[in-house]
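Fold and contact review
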Amino acid sequence: MQYKTVHISEKNLDTLVLPHPLMGKMTVREIIMWTAYHTEHHTKTLQNLY
């Protein structure tokens, strides 16, 4: 994801909108932040279980 988004300007992170299958339309910045949170959530769950 970093490879694909490193050249996107700060303005475009907040203005470009992408569709998310469950959460609807989200800006690129929102998708990046949500992906980071979601990954951390699952990592912690796995660490607690195993």
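Coordinates for the structure precede this section.
These notes cover the structure that comes with them. (Residues numbered from 1 in each chain as written. Predicted model: local features only at pLDDT ≥ 70, side-chain atom pairs only at ≥ 80, totals over all residues. Heavy atoms only, no water.)

Remarks on the overall build of the chain
A count of helices and strands for the chain gives three helices and two strands. Going from N to C terminus, the chain has its helices and strands arranged as α-α-β-β-α. Expressed as lengths along the three principal axes of its C-alpha atoms, the size of the chain is roughly 40 × 25 × 15 Å. Burial statistics for the chain: of 50 residues in total, 14% are counted as buried. Carbon and sulfur atoms provide 62% of the accessible area of the chain, an area that totals close to 4,600 Å². Put simply, the chain has 5 plus and 4 minus side-chain charges, and the middle of one group is 6 Å from the middle of the other. (Helix = DSSP H or I, 4+ residues; strand = E, 2+ residues; numbered from the N terminus. Buried < 20%, exposed > 50% of the residue type's maximum accessible area, 1.4 Å probe, protein only. Areas by Shrake-Rupley, 256 points an atom, 1.4 Å probe, with all protein chains shown as cover. Lys, Arg positive; Asp, Glu negative; His and termini not counted. Charge placed at Lys NZ, Arg CZ, Asp CG, Glu CD.)

Digging into the pairing of strand 2 (residues 24–27)
When strand 1 (residues 17–20) meets strand 2, the two strands line up antiparallel, connected through four bridges. Residue pairing across strands places His20 opposite Gly24, the latter belonging to strand 2. From the end of strand 1 to the start of strand 2, which pair antiparallel, there are three residues. (Pairing = 2+ DSSP bridges.)

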